[in-house]
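Per-entry structural report
So you can see what is in the structure, the chains are spelled out below.
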Amino acid sequence: MSRTLLSRLAQVSLLAFSLHTGTAQEADTVAVQFLTFPKTMEPVKVELLVGEGATTELQVPSNELSPTIRVPRMTSWVFGKTETGEDQKPTFKIYGQAKALADGKQLILLIRKGKEISEGVDVRPIANDIATFGGGKFLFMNAALVDVAGETGGQTFALKPGAMTIVKPKPDANGRLFQAMFYFRRDNEPRPFFSSKWPISENTRGLIFFYHDPDTKQLRMHTIRHFLSE
């Protein structure tokens, strides 16, 4: 067998090994993005447990999704902070945790229970693939103290406090807008509090949080438009 042929066979074998190794490594990791609520001016600093005694530091924004990172596949997502114990050894203080999804792409919502994340956090993993939460879709989360409901381009939903849903509104005749109307429950009656035309595109998706303003106590919305090309 010629040296040229042997060299080519070796190159093919090396390429096959590299592809197999890369696929195996990717199968053992998950692509994740993060978002926190309530709104905050600066990203929230927190650590994600990624193995036995191993953490990765995160800065989680509230006005946009974080960049995508790959982390080891875990059975649970556990967030907290590494502190020094009384024995002067590092210990991990847990702020919140939730069972991880099987999906290879996940968006993790960190709903803070107080002003600081150290006061506790409700962890909400969401499948982040195109089929589940792709372009033209909107995630609604009720972080308010009352029931809320919506009519969005022919799609309706109703949410108890703490619940969330993903819908894909149908655009109007021009294909670029849909009618959004939202209600809250008072005395067992739906009361409208918002109505407007919203843009819709296969290149963007939206995240909307209903909440009570801590100062005025009025029902508000925090909206995020995420471009899938980013």
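Residues numbered from 1 in each chain as written. Predicted model: local features only at pLDDT ≥ 70, side-chain atom pairs only at ≥ 80, totals over all residues. Heavy atoms only, no water.

Regarding the environment of Lys 113
- Here Lys 113 is to be found in the loop between strand S7 (105-112) and strand S8 (121-127).
- Residue class for Lys 113 comes out exposed when judged on its relative accessible area of 63%.
- Between the alpha carbons of Lys 113 and Gly 96 there is a distance of 10.0 Å; along the sequence they are 17 residues apart. (Helix = DSSP H or I, 4+ residues; strand = E, 2+ residues; numbered from the N terminus. Buried < 20%, exposed > 50% of the residue type's maximum accessible area, 1.4 Å probe, protein only.)

A short note on the pairing of S8
- The element S8 is largely enclosed, with a buried count of six among its seven residues.
- The pairing of S7 with S8 spans seven bridges and is classified as antiparallel. Pairing of Arg 112 across the sheet is with Val 121, part of S8. (Pairing = 2+ DSSP bridges.)

Structural notes on the packing of aromatic side chains
- Counted by the stated rule, this structure contains 18 aromatic pairs.
- Taking 4.5 Å as the distance between ring centres and 25 degrees as the angle between the ring planes, the aromatic pair formed by Phe 140 and Phe 157 counts as stacked. Taken as a pair, Phe 140 in strand S9 (residues 138-142) and Phe 157 in strand S11 (residues 155-159) lie far apart in primary sequence, 17 residues in all.
- On the basis of relative accessibility, which here comes to 0%, the residue Phe 140 falls in the buried class.
- What makes Phe 157 buried here is its relative accessible area of 8%. (Phe/Tyr/Trp six-rings, centres within 6.5 Å; stacked < 30°, edge-to-face > 60°.)

Here's the deal with the sheet that holds strand S3 (residues 54-60)
- Read across the open sheet, the four strands follow the order S3-S2-S5-S6; overall the sheet is antiparallel. Edge strands, defined here as strands with exactly one partner in the open sheet, are S3 and strand S6 (90-99). Strand-to-strand, the axes of this sheet are offset by a mean angle of 40 degrees, without reference to chain direction.
- Of the pairings in the sheet, the one linking strand S2 (residues 44-51) to strand S5 (residues 76-84) comprises two bridges and is antiparallel in character. The residue of S5 that forms the bridge with Glu 47 is Gly 80. (Axes fitted to C-alpha atoms, helices over the stretch in contact; angles between N-to-C directions.)

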